[in-house]
Amino acid sequence: MPEPVPAAKPEGEDALPADGESGSTELTGLFVEKPPDNVVAVTGTDIIFIAKVDSSKLTRKPTMKWLKGKWLDLGSKAGKHMQFKETYDRNTKVYTYEMKIIKVVPGDAGGYRCEVTSKDKCDSCTFEISVEAAQQEQQVDILSAFKRADAGEDEGDLDFSALLKAAKKKKPQKQEEQIDVWELLKSAHPSEYESIAFKYGITDLRGMLKRLKKMKTVEPKHTEAFLKKLESCYSVDKGKKIVLMCEVVDPTVQVKWLKNGQEIKPSAKYIMESDGNIRRLTINKTNLADDAAYECVVGEDKSFTEVFVKEPPVTITKLMDDYHVVVGERVEFEIEVSEEGAHVMWFFEDVELHKDKDSKFRFKKDGKKHTLIIQEATLDDIGMYHAWTNGGHTKGELEVEEKELEVLQDIADLTVKATDQAMFKCEVSDDKVTGKWFKDGVEVLPSERIKMTHIGRFHRLIIDEVKPEDAGDYTFVPDGYALSLSAKLNFLEIKIDYVPRQDPPKIHLDTTGNMVSQNTIIVVAGNKLRLDVEISGEPAPTVVWSKGDKAITESEGRVRVESRKDLSCFVIEGAEREDEGNYTICVNNPAGEDKAVLFVKIVDVPDPPESVKCTSVGEDCATITWEPPKFDGGVPVKGYLMERKKKGSSRWTKLNFDVYESTTYEAKRMIEGVLYEMRVFAVNSIGMSQPSLNSKPFMPIAPTSEPTRLVVHDVTDSTCTLKWLAPEKIGAGGLDGYIIEYCKEGDTEWVVANKDLCERQGYVVRGLPVGEKINFRVVAVNIAGHSAPATLAQPVTIREIVEYPKIRLPRELRTKYVRKVGEKINLTIPFQGKPRPVANWYKDGQPIDPKMVNVRTTNVDSIFFIRSAEREHSGKYELVLQIENMEDRAAIEIRIVDKPGPPVNVKVTDVWGFNAALEWEVPKDDGNSEITGYTIQKADLKTKEWFTVYEHNRRTNCTCSDLIMGNEYMFRVYSANYCGLSEDPSFSKNTAVIAKTGLEIKRSPFKEKDMACMPKFTRPLVNRSVVAGYSTAISCAVRGFPKPKIVWMKNKMIIGEDPKFLMQNNQGVLTLNIRKPSTFDGGKYSCMAVNDLGKDEVECKLDVRIATDPDKEKK
C-alpha cells in the first residue's frame, strides 16, 4: 500500500476528511499546484481544473485519479461531457493534469477529489463545485437541483442520470405559496426527511442531505448506549455482502435497524445478529436500492452510517463492426455488454445521438445486446460511430457509396430467320430496377407479337414471328442510371433460286453477330450458343458437325445439331469451358462437298486471386498483397475488389467500389489491437470472381513511443550503467524489450550493445574504451518494430569516478545488538565507494575466524551471517572499508545471551509468627545478561507441592508470609534474565518450622430467637381456566410457626377424603391436585392456614371449559 505523506492542515478552517477516509491526516506533499478549494460554476459554461505534480524525486510515473464523492471514478465517465488531459514537461519534470467539464449541469455539483500515487507515495486534495443557474433563471426554485425531471411518484432512488444526459428544461408553472423547505428540514427529525422530500417532490434525497449538512452544524451528542458506533460510511460492490457492526454497553438490550428512517424486518436479505455486546446487520446480494442511510437505534440513542453500492464497470464483450453500404441500405451497429440493462451512449463523430421523433437513428436493447439502427443510409451518414459505457469503448466506420448498377449478363447479338422467335435477355444486380427497350433510338412498345418481361434481376424482350423490319439495333436503358445495354438483331433472308442442274453444296457463313474475327465465335460461360448456318446445293447436301475427330450427331441434349431445309443449327446450352475448341461443318452431295472450320471461344469470370497475405501493419493501416488468378476467364483481368472483416464477425466491408489494378493495397482507418481478415475478388469484362481464401488474421499495431527518462546510473573504466522508464505509449502491440546502442562522439555508426532484447529497464554496457566520449540511445521493440530512440543529451566520458568509501550502518546496529543462544544472525551492511572497496571484518582487533562467522561482500554491501549463535560469538566486531589509502570503519557490538545459573547459598535466616525470612547470593553465571529478578517458591514437607510466593523479585532476600501453623516449609529460588528463568533452582539449606501456640475459645452467650408467628400466605392462589378431562393443580405458599394446619375448601365447603383431590404440603408450598376435572368441578377454591396465633386464607376461581374441535369450527 502506498505510504501517505502527511500535510499541514490549512489555517482558519477545519479540513474535512476525504470521503471514506479518516480525517486525522490529510495527504499532501507531491502536488506543486492544486485545484482551488471552492469553485462556483454557472450552468452551461465550461470549467477546467488543473493539478501539477513534481516527479523529480519519484522512481515511477505518477498515476492520477479524479474522483467524485467517495468512490465514483470519473475516468469511466470520459466522453463529451468530461475530458481529461495529461502533459509532461521534460525540463521541469512536472506532470500537468487537467479535468474539463463541458457545459456544466446542476448534477455536477458536489465534492471532488484528485488522488496521485507513485509506488510507495501518494497524495490527494479535495475541492468543492457549486453550480449556479444562469442570470435569466435566477427565479428557479433551488430545490429543483434535487429533482429529476423524469421521476415518477415511486421513483425515489438516487441515480446519476445528470452525469449522462443534459437536464431537461422545466415548463413554467403557476406560482404557489412559497414554503421554506430548508427551515422545515433544519427543525425536523432525520426520520422525517424522507416524508418531507416526498411531499415537496424532492427525489434526490442524498443530494438534499449533503446540502443540509452544510447548512446546519450538528453538535455530536454524547451517548451512553454505544461502546463503539457504526463507521461513518461503508462501500460495497454490487452483488456482494456487507456487514454493519457496532458495540452496545448493555449486552441484553434490543436494537432496531432503520433504512432511510424505515424499520428493517429480518429476512433472507437482511440478517440481524446479536453476539454479546456486538450487534450486526448483514445485507446479502446488495443492489442499487441498498444505497441508503442506515441507523441503529437503542432507546433514544442512535448511530448513523451510509452505505454506498458501487456498480461494477460495464465492459464491451462484442466490438462494433465496420459497414460499407450503398445509399438507401439499412445499417445496424450492434454491440454486446457485460451487464443487462447497462447504459450505453452512442456518438456520431463527437456528437451524442439521442432518441428523438424526427431523428433517423433508432436504438434497440435486447438483454446484453445494444443496436444503433439507421433505416436508410445517406452520404451524410459517412463517418465514425462510437459506443461508450462506463468501462469500455468501441467504434465502427460507416462508408456509404452512391448506387452503382452492375451488369451481370449483357445482351447478345441475334441472327434469326423469318417466322422464328428472337429473345434479348440481360441481368443486372438490382432486382428492383426497371427500364425501357429502344430500337434504333425509338422506344419499343408491347404488342401481341412483342412482349417485355421483368422477373427479378432478368429483363427480356421477346419478338415472335420475326419480320425483316424487326432487324436493327436494340438497347435496354435502366431507369435512373446512366447506363445502356445494346445488341443487334440480324434477319436471315433465305433466297431459293431454281437451277435445273445440280449444284455443288455451299456453306454460307454470316460473319456478323458473335464473330469477333473471321470464323471465331465468343460465348460467355453459362449462355446459350445457337449457330444457324445456311446451306445451298442440289440435291440437298448432307451436313456433318464435328469437334476434332468426333462427330456430333445428337439431336437432343446440351450440345446438339438441328437440321432444317437449307439450314443447319448448332446449339450449345449453358456453355462451359470444355466446350471451347475448333468445330468443323462438312456438307456434301453428288455434285461435291464444302467444309468450314469455326473456333468457339468460351469466356468466363476469372478464378479467385491467390496467396492473400498481410506484409506490414501500422497503427491504423495494413499492407495487403496477393497473386493474380491462375485463369483470367479468357479475357484480361481489369482489376480487383477488396473486402475486410473483424475476426469472429460474419460481416464483410467493401474497401473499394472502383476496380483497383495493382496487387498491393494499403487498407486504412482500422482500429489498433483488433484482429482483421481480408479477401480479394478479381474482375474482368465478364464479371467478378468468387472471393479468395481469407488471409491469415492480422492486427494493426504501431511501435511504442520512445523510452523515457534515460539516465546514466554508473560509470567505470570499461562499463556504463544506464537506466530508463517504460514508454508513455505502448499500444496494443505490447512491449517485447529494448535495444541499447552506442557510438563514439562524432561517429554516425551505432553499435548494438545487447545481442538479445533487454526486458529490464536497465543495462550495463561493457567493453567500452577508457577516456572516450560515448553517445548512448535506447530503442523499444515490439511486434510492430522499433520505436524512436531515447538519446542522452550529452556524451558520457568512460572513466572511473573515485568516490570515498562510506559505510551506511543501519540504525538498529548503532546500539548493542543482542540475540539469544541458538538464534540466527544475518546482518546486511550497505556501503558505497568507487572503485569497488575492499571490506575486512575484525573481532576484538583480530581478523574473524571464517569457521565461526560467514561473510559475503558485494559491490554495495557486506553480509555478516552466523547460522547458530553461541556465547563465544559475543564481542565487538569492526568492518573496515578500504580504497587505496582511504578507509572507513564501523563497529558493531554483539552480545549472545543465555539463561542464567541458579542463585547461590539460599537459606532461611529467621522465622517469627507465620513469617520466614530468606536470603541468597547472585548466581555465578548471569547468562551474559543482567539478572532481572528472582522467582521464590515454597513447599510443605507433608505434601511437597510447590507454590509460587514471589515473581520478578529484584532483591536477594524476601519474606514469606501467611505460613500455616504447625507445618514445616522448604524453599527454592530461580534466577531470571532476558532469556527467562534458570534451568535449575537453588534449594534452601534449612527449613522453616511454624510452631503451635496455645489458643482459648471465648464463646459469646447464645440467646434463642423467638420464631413464633401467625400464618401468612407468601404466594396467593391464582385464577385458572382449564380444559375438561385434563388433570390440573393449584398451588400457594404459606409460612407460620408453630406449623399451621391446612384446610382446603370448595365453595366454602371443606374438601374431605375425596379421591379426586390430592393435597400436598412441601416445606410450606401447598398444592391441590384435581384429577381429570369436569364442568362440575369449577368454582371458588380457598385454602386456610390455622395455628395458635391466628389464621390466614386465600382463594381463587377455577373455570373448566369443554374442549372444541377446530376443524368443525372452520366448517
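The following refers to the structure shown. What you see as residue numbers is a count from 1 along each chain, following the sequence as written. Only residues with pLDDT of 70 or above have their local features reported here, since the model is predicted, and side-chain atom pairs are shown and tallied only from 80 upward, although totals for entire chains, interfaces and linings are computed over all residues. With hydrogens and water set aside, each side-chain value is computed from the structure's full complement of heavy atoms.

In this section: the overall build of the protein. Across its full length, the protein holds five helices and 89 strands. Using a 1.4 Å probe on the protein chains alone, a residue whose accessible area is under 20% of its type maximum counts as buried, one over 50% counts as exposed, and one in between counts as partly exposed. The burial tally for the protein puts 39% of its 1115 residues in the buried class. What makes two residues a contact is simply this: any of their non-hydrogen atoms within 4.5 Å. Sequence separation of at least 24 residues holds for 63% of the intrachain contacts in the protein that already meet a minimum separation of 6. Of the roughly 65,400 Å² of accessible surface on the protein, a fraction of 49% belongs to carbon and sulfur atoms. Only DSSP runs of H or I covering at least 4 residues are called helices, and only runs of E covering at least 2 are called strands; the numbering of each starts at the N terminus. Each accessible area is a Shrake-Rupley result for a 1.4 Å probe, and residues are judged covered by the shown protein chains and nothing else.

Looking now at a positive patch on the surface. Patch membership requires over 30% relative accessible area and the absence of a salt bridge. Like charges are linked within 9 Å, and nonpolar side chains (Val, Leu, Ile, Met, Phe, Trp, Tyr) within 5 Å. Any carboxyl oxygen of Asp or Glu within 4 Å of a side-chain nitrogen of Lys or Arg constitutes a salt bridge here. By the counting rule applied here, Lys and Arg register as positive and Asp and Glu as negative, while His and the ends of each chain are not counted. A single reference atom marks each charge: NZ on Lys, CZ on Arg, CG on Asp, CD on Glu. Together, Lys-806, Arg-808, Arg-811 and Arg-814 line one region of the surface with positive charge. Within the secondary structure, Lys-806 is located in strand E63 (residues 803-807). Looking at Lys-806, the relative accessible area reads 40%, which means it is partly exposed.

The next subject is the state of the cysteines. Cysteine sulfur atoms that come within 2.5 Å of each other are treated as a disulfide pair. Evaluated as defined, the whole model comprises zero disulfides. Cysteine Cys-1087 is unpaired, with the sulfur of Cys-1036 as its nearest cysteine sulfur at 4.2 Å. Judged by relative accessible area, which is 0%, Cys-1087 ranks as buried.

Here the focus is the pairing of strand E10 (residues 121-132). Note: strand E3 (residues 38-42) against E10, five bridges, orientation parallel. The partner of Val-39 across the bridge, within E10, is Ile-129. Think of it this way: DSSP has to see at least two bridges between two strands before they count as a pair. Of the pairings in the sheet, the one linking strand E9 (residues 110-118) to E10 comprises nine bridges and is antiparallel in character. Among the inter-strand pairings, Ser-118 is bridged to a residue of E10, identified as Lys-121. Linkage of E9 to E10, two consecutive antiparallel strands, is achieved through a turn of two residues, within which Lys-119 is found at a positive phi near 55 degrees.

When charged atoms on two side chains of opposite charge get close, those side chains can pair. Enumeration according to the criterion identifies 39 salt bridges in this entry. In this structure, the salt-bridge partner of Lys-259 is Asp-290, at a minimum N-O distance of 3.7 Å. Placement of the pair is Lys-259 in strand E14 (residues 256-259) and Asp-290 in the loop between strand E17 (278-283) and strand E18 (292-298), with a sequence separation of 31 residues. With respect to class, Lys-259 is no different from Asp-290; both count as buried. Ionic pairing is found between Arg-871 and Asp-925, a salt bridge with its closest N-O pair at 3.2 Å. Linking Arg-871 in the loop between strand E69 (861-866) and strand E70 (875-883) with Asp-925 in the loop between strand E73 (915-921) and strand E74 (933-940), this pair joins segments that are 54 residues apart in sequence. With a relative accessible area of 30%, Arg-871 lands in the partly exposed category. Assessed through its relative accessible area of 33%, Asp-925 is described here as partly exposed. By sharing partners, the salt bridges in this structure join Lys-528, Arg-530, Asp-532, Arg-560, Glu-562 and Glu-573 into a single network.

Here we come to the nonpolar core. Take the buried Ala, Val, Leu, Ile, Met, Phe, Trp, Tyr and Cys residues and link them wherever side-chain atoms come within 4.5 Å; each set so joined is a nonpolar core. Counting 25 residues, the largest nonpolar core has Phe-31, Phe-49, Met-64, Trp-66, Met-99 and Ile-101 as the members making the most contacts within it. Breaking this core down by element, the ones donating at least two residues are E3, strand E4 (47-54), strand E5 (63-68), strand E8 (94-101), E9 and E10.

Read across the sheet, four strands follow the order E63-E65-E69-E68 without closing on themselves; strand pairing throughout is antiparallel. Two strands bound the open sheet, and with one partner strand each, they are E63 and strand E68 (854-857). If you compare each strand with its neighbour and ignore which way they point, the axes differ by 15 degrees on average. As defined by bridge partners, strand E65 (residues 825-834) adjoins E69 across six bridges and the pair is classed as antiparallel. Residue pairing for E69: Ile-829 is matched across the bridge by Ser-862. All axes are obtained by fitting lines to C-alpha atoms, using only the stretch in contact for helices, and the reported angles, taken between N-to-C directions, cover 0 to 180 degrees.

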